[in-house]
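Structural features, examined
Chain by chain, the residues run as shown.
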Amino acid sequence: MKFYYIQDAHIPNMVKLLNKFDIETYDIKEYDNTVGFLILSTDLFINTENVNLFKKYSLYQNLFFIINDANEGFPFKDRVLYHIKKYLDSASISRNRIIYSYNNSINLGITHYSDIELNTIYFPTFFLENSIGPDWDVVNNIKKSTIKTHDFSLFVKNGKPHKKMAILNVIENKYNCLMTYAFNRDFESNQIQTLQTCEFDSHLHTSNYFKSKIDILIESEYNSYISYNPNGDYNPMDNNFDKMLHLSEKIWRVVAWGIPFVVVGQKHMLKHLREIGFKTFDTLVDESYDNMDDDIRVYESIKQSKELLKFYDTPELNSILEYNKNLYLDNTFKKQKLHEFFINPLKKYIEDLVWYNVQIFISLFIFILILVMIRSKTSIIQIINIYM
């Protein structure tokens, strides 16, 4: 099983990360007709002329296609399928040869959505790359030289409902909290507008994370999305990708930088973080909010930030932070997770597909054999004797 890319096009970030962890990738010009995956960046789908390119590669029956960089920018099935319908379907590439890669939607194995004939896989981009900012030595110097000005921080860029709820709760309960945000249609209440004097923009400098003691981490989520229609209205929309666990650069940043945090986000996010191998703060505070329903979870997680503050700079808390930081910086560990989440599921997908084809062949053979027997009134033993 090999991975390919189009040398003459934009090289996807996935290719660079595979190379970083010692997995070879090849220019598609070197394709050897064995089972392989052609990694396609969504940049390729901007130009309709690339349809001819895809038609060329569709002729290689052992070649599969991974659409990379498909993160939460394409959460709805109609938007997801736009690329496939317009380009890959028109190039006569069957759906079972296409796998959509999601960069921060945690899921072990390949998920098949039968209603739209779509396969998805998790590629741990934000976990693997150095998108969290400066190297640790730089971060460590910033950490040492930054004065704490607040007990809490809460940084968001837009106003999805759970983020708005979190900000309003922090304001109402008068948390000593450093906040930043960007306006959008959900941030229109007078209470939110009082934050306009905030001196920080939504793209924070690293030092801002060290001006507080506890980070109230607002992760993205897939549920509660709103769809836009041509009439200019916003309506709730059924979403095939609701309730996906969602670990983006936001959580890996605080993990890597050794910052204590509570999570406002999807249900079971902390559970999944522990499943990966990291520690959370369940030995210090009540993290049962991770199992609660959506609205309650927002308030309870913020409430626990005050409990976690009591342990700030204690040996118990620092031990967890140091463990997580060292684990995140361990490339051997990351390579193991890359294989677990991405390489091994792809191998299994190919094996299952091969076995499925073998089963079809066997079934077809048996069917033909039965037809021969019926028409010739020959027994199986007689047929075996003929060919022996």
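Computed from a predicted structure; not experimentally measured. (Residues numbered from 1 in each chain as written. Predicted model: local features only at pLDDT ≥ 70, side-chain atom pairs only at ≥ 80, totals over all residues. Heavy atoms only, no water.)

**Looking at the packing of helix 6 (residues 161–172) against helix 10 (residues 294–309)**
Put simply, the rule is: A fitted line through C-alpha atoms represents every axis, and for helices the fit uses only the stretch in contact; the resulting angles, taken between N-to-C directions, go from 0 to 180 degrees. Strands here mean DSSP runs of E at least two residues long; helices mean DSSP runs of H or I at least four residues long; both are numbered from the N terminus. Each angle is binned into one of four classes, with values under 35 degrees roughly parallel, values over 145 roughly antiparallel, values of 65 to 115 roughly perpendicular, and all other values oblique. In this scheme the handedness of a crossing depends on how the near helix is turned from the far one: anticlockwise by less than a right angle means left-handed, clockwise means right-handed. Contacts: residue pairs with any heavy atoms within 4.5 Å of one another. Each residue is assigned to one of three groups, with Ala, Val, Leu, Ile, Met, Phe, Trp, Tyr, Cys and Pro labelled nonpolar, Asp, Glu, Lys and Arg labelled charged, and all others, Gly among them, labelled polar.
The N-to-C vectors of helix 6 and helix 10 enclose an angle of 40°; their axes lie 10 Å apart at closest approach. Classified by the angle between their axes, helix 6 and helix 10 sit oblique to one another. Seen from above, helix 6 lies across helix 10 with right-handed handedness. For the pair helix 6 and helix 10, contact is made by His 162, Met 165, Ala 166, Asn 169 and Val 170 and by Asp 295, Val 298, Tyr 299 and Ile 302, respectively. Taken together, the residues that form the contact of helix 6 with helix 10 break down as 6 nonpolar, 2 polar and 1 charged.

**Structural notes on the confidence of the model for the protein chain**
Put simply, the rule reads: pLDDT is a residue-level measure of predictor confidence that goes from 0 to 100.
Averaged over the protein chain, the pLDDT score is 78; the fraction of residues at 70 or greater is 71%. Low pLDDT, under 50, characterises residues 71–76; the stretch is placed with 24 contacts to residues that sit more than four places away or in other chains. Taken as a whole, residues 190–197 scores under 50 in pLDDT and shows 15 contacts with residues more than four places along the chain or in a different chain.

**Here we look at the nonpolar core**
For the record, the criterion: Here, the term nonpolar core denotes a set of buried Ala, Val, Leu, Ile, Met, Phe, Trp, Tyr and Cys residues that are joined through side-chain atoms within 4.5 Å. When a residue's accessible area, from a 1.4 Å probe over protein chains only, is under 20% of the maximum for its type it is buried; when over 50% it is exposed; and in between it is partly exposed.
Counting residues in each nonpolar core, the largest one holds 77 residues, and the members touching the most others are Trp 252 and Phe 342. With 9 residues, the single largest contributor to this core is helix 12 (residues 331–376).

**Section: the pattern of salt bridges**
Applied cut-off: Criterion for a salt bridge: a side-chain nitrogen of Lys or Arg within 4 Å of a carboxyl oxygen of Asp or Glu.
Using the criterion set out here, one finds 10 salt bridges in the structure. Residue Asp 8 is joined to Lys 29 by a salt bridge in which the shortest nitrogen-to-oxygen separation is 3.3 Å. With a gap of 21 residues between them, Asp 8 in the loop between strand 1 (2–5) and helix 1 (13–20) and Lys 29 in the loop between strand 2 (25–27) and strand 3 (36–41) connect regions that are remote in the sequence. In this pair, the class of Asp 8 matches that of Lys 29, namely exposed. Between Lys 335 and Asp 22 there is a salt bridge, and its shortest N-O distance comes to 3.3 Å. One end of the pair, Lys 335, is in helix 12; the other, Asp 22, is in the loop between helix 1 and strand 2, with 313 residues separating them in the sequence. On the accessibility criterion, Lys 335 (30% relative accessible area) is partly exposed. Judged by relative accessible area, which is 60%, Asp 22 ranks as exposed.

**A look at the sheet that holds strand 3**
This is how it is decided: We treat two strands as partners when DSSP finds at least two bridges between them.
Read from one edge to the other, the open sheet built from 7 strands follows the order 2-1-3-4-5-8-7, with strand pairing classed as mixed. Of all strands in the sheet, those with a lone pairing partner are strand 2 and strand 7 (111–113), marking the two edges. Averaged over neighbouring strand pairs, the angle between their axes works out to 35° when direction is ignored. Of the strand pairs in this sheet, strand 1 and strand 3 are connected by 3 bridges, and their pairing is parallel. Bridge pairing in strand 3 links Tyr 4 to Leu 38.

**Some words on the environment of Asn 19**
Under the convention used in this document: Distance and chemistry together define a polar contact, namely a pair of N or O atoms within 3.5 Å, with one atom able to donate a hydrogen and the other to accept it when in protein, and with adjacent residues in sequence counting only for side-chain atoms on both sides.
Within the fold, Asn 19 resides in helix 1. Discounting residues that sit within four places of it in the chain, Asn 19 has contacts with Glu 24 and Thr 25. Side chain to side chain, Asn 19 and Thr 25 meet in a polar contact 3.0 Å long.

**Some remarks on helix 10**
Operational definition: Expected span of a helix, by definition, is 1.5 Å for each gap between consecutive residues, and there is one gap fewer than residues. The directions from the helix axis to the C-beta atoms form the arc being described.
End to end, helix 10 covers 23 Å across 16 residues, agreeing with the expected 22 Å (1.5 Å per residue, within 8%). Every buried residue belonging to helix 10 is among Arg 297, Val 298, Ser 301, Ile 302, Gln 304, Ser 305 and Leu 308, and all of these are buried. With its buried residues spanning 160° around the axis, helix 10 presents them on a single face. Residues of helix 10 that are buried sit in contact with strand 9 (150–155), helix 6, strand 11 (212–218), strand 15 (261–264) and helix 11 (315–328).

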